[in-house]
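# Residue-level structural notes
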Amino acid sequence: TLLYTIKFEMASNQPPWMAWPLPPGWEARYDANTRRYFFINHSTQKTQWNDPRIAIYEEQQRKAQTGNTQLHEQGEEAGQRRQEEQRRQEEERQEEMEARQEEERRRQREERQREEDQLLEEEREREQEDQARDEEQYDFEVNLDDADFGPSAQEMLAIRESMQEKYSMLDEDVVRMALEACRWDVDMASSVLEEQKEEREREDARRRAIMQRMMAEEADTRTPPAPVDEDFNIFSDEEAAEEVTMSCSNQRCLEVFK
């Protein structure tokens, strides 16, 4: 039982290659002097102390590690490829979204442009209709031979001098404004100036009557000279005096009332 236990413990502590059979062409022999096993390679007729199974085990371990490294590298490459694929898909989705947004903006711009063009076309049509209506309303032919462009500058000067000579009692500005208002129509301007002349004659007659009445009253009420008062007014009728003073425009009348 003790021997079995020792062998079981030794067997349980042995490396995995100890349970493998020797490779083909190899033989293991025990050396009593060294108390060790040595191994014979009958293919090469050589002996060695190292167990050939150790080299096979290490080779397998190296291959396994290399395979794991390759698998790890392959896994990393696959992960990178997946990330790149995801990034590419995300970029494609982003580009597609931007393309749709750009297409929508372009469609909106075209829609606005069509609306603006339609409004401009409607506005042009309305303007053309208004122009056509105006042309129909004011469409007439003008014969330039019969057209009256008014008197020339020399003719206007001659007309104004003639009218000023005829209506010398009126101011020059009155005559000029009457001619301009009547578009240099002599007959029409004469009619206007005649009315102004009659109005001026009536005003002069009224002033002369007031002056004669005042001179008669002064002759009837003549008295010896008295001290002159600065506030003294020869007019008994204050309103008549103001009217005469304001309306009297010739120099002789003003000299009388000084």
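Just above, that's the structure.
Heads up: these notes are all about the structure in this document. It should be emphasised that the depicted structure is a prediction, and the values quoted were computed from it without experimental measurement.

Once that is clear, we can look at the packing of helix α3 (residues 153-166) against helix α5 (residues 186-220). Axes are the key here: two packed helices are described by the angle between their axes and the distance separating the axes. As a packed pair, α3 and α5 sit with axes 12 Å apart at the nearest point and diverge in direction by 25°. With respect to α5, the element α3 is oriented roughly parallel. Seen from above, α3 lies across α5 with right-handed handedness. Between α3, through Ile159, Met163 and Lys166, and α5, the contact on the second element is made entirely by Val186, Ala189, Ser190, Leu193 and Glu194. Of the residues belonging to the contact of α3 with α5, the class tally is five nonpolar, one polar and two charged.

A few words on the sheet that holds strand β2 (residues 36-41). Taken together, three strands build an open sheet; the order of strands is β1-β2-β3 and the sheet is antiparallel. Edge strands, defined here as strands with exactly one partner in the open sheet, are β1 (26-31) and β3 (46-48). Neighbouring strand axes in the sheet, compared pairwise and without regard to direction, differ in orientation by 30° on average. The pairing of β2 with β3 spans three bridges and is classified as antiparallel. Bridging from a neighbouring strand, Phe39 pairs with Gln48 of β3.

Our focus in this paragraph is α5. Between the first and last C-alpha of α5 there are 50 Å, a value that for 35 residues agrees with the 51 Å anticipated at 1.5 Å per step. Those residues of α5 not exposed but buried are Ala189, Ser190, Leu193, Arg207, Ile210, Met211 and Met214. One side-chain oxygen at the N-terminal end of α5 lies 3.2 Å from the backbone nitrogen of Asp187; it belongs to Asp185.

With that settled, consider the pattern of salt bridges. This model, assessed by the stated rule, comprises 23 salt bridges. The closest approach of N and O atoms between Arg176 and Asp173, which form a salt bridge, is 3.8 Å. With Arg176 and Asp173 both in helix α4 (residues 172-181) and three residues apart, the pair spans about one turn of that helix. One salt-bridge network, held together by shared partners, links Glu85, Arg88 and Glu92.

Another aspect to go through is the pairing of β2. As paired elements, β1 and β2 share six bridges and run antiparallel to each other. Counted as the bridge partner of Glu27 is Ile40 from β2. A loop of four residues connects β2 with β3, the two strands running antiparallel in sequence, and Gln45 in this loop sits at a positive phi of about 60°.

Core analysis: the biggest nonpolar cluster contains eleven residues, these being Ile159, Met163, Tyr167, Leu170, Val175, Ala178, Leu179, Cys182, Trp184, Ala189 and Leu193. Of all the secondary-structure elements, those providing two or more residues to this core are α3, α4 and α5. The element that contributes the greatest number of residues to this core is α4, accounting for three residues. In this structure Ala178 touches Ala189, Val192 and Leu193, once residues within four positions along its chain are discounted.

Reading guide: rules and limits
Residues numbered from 1 in each chain as written. Predicted model: local features only at pLDDT ≥ 70, side-chain atom pairs only at ≥ 80, totals over all residues. Heavy atoms only, no water. Axes fitted to C-alpha atoms, helices over the stretch in contact; angles between N-to-C directions. Helix = DSSP H or I, 4+ residues; strand = E, 2+ residues; numbered from the N terminus. Parallel < 35°, antiparallel > 145°, perpendicular 65-115°, else oblique. Left-handed = near helix turned anticlockwise from the far one by under 90°. Contact = heavy atoms within 4.5 Å. Nonpolar A, V, L, I, M, F, W, Y, C, P; charged D, E, K, R; others polar. Pairing = 2+ DSSP bridges. Expected span 1.5 Å × (residues − 1). Buried < 20%, exposed > 50% of the residue type's maximum accessible area, 1.4 Å probe, protein only. Polar contact = N/O pair within 3.5 Å; in protein donor to acceptor, adjacent residues only side chain to side chain. Salt bridge = Lys/Arg side-chain N within 4 Å of Asp/Glu carboxyl O. Core = buried A, V, L, I, M, F, W, Y, C linked by side-chain atoms within 4.5 Å.

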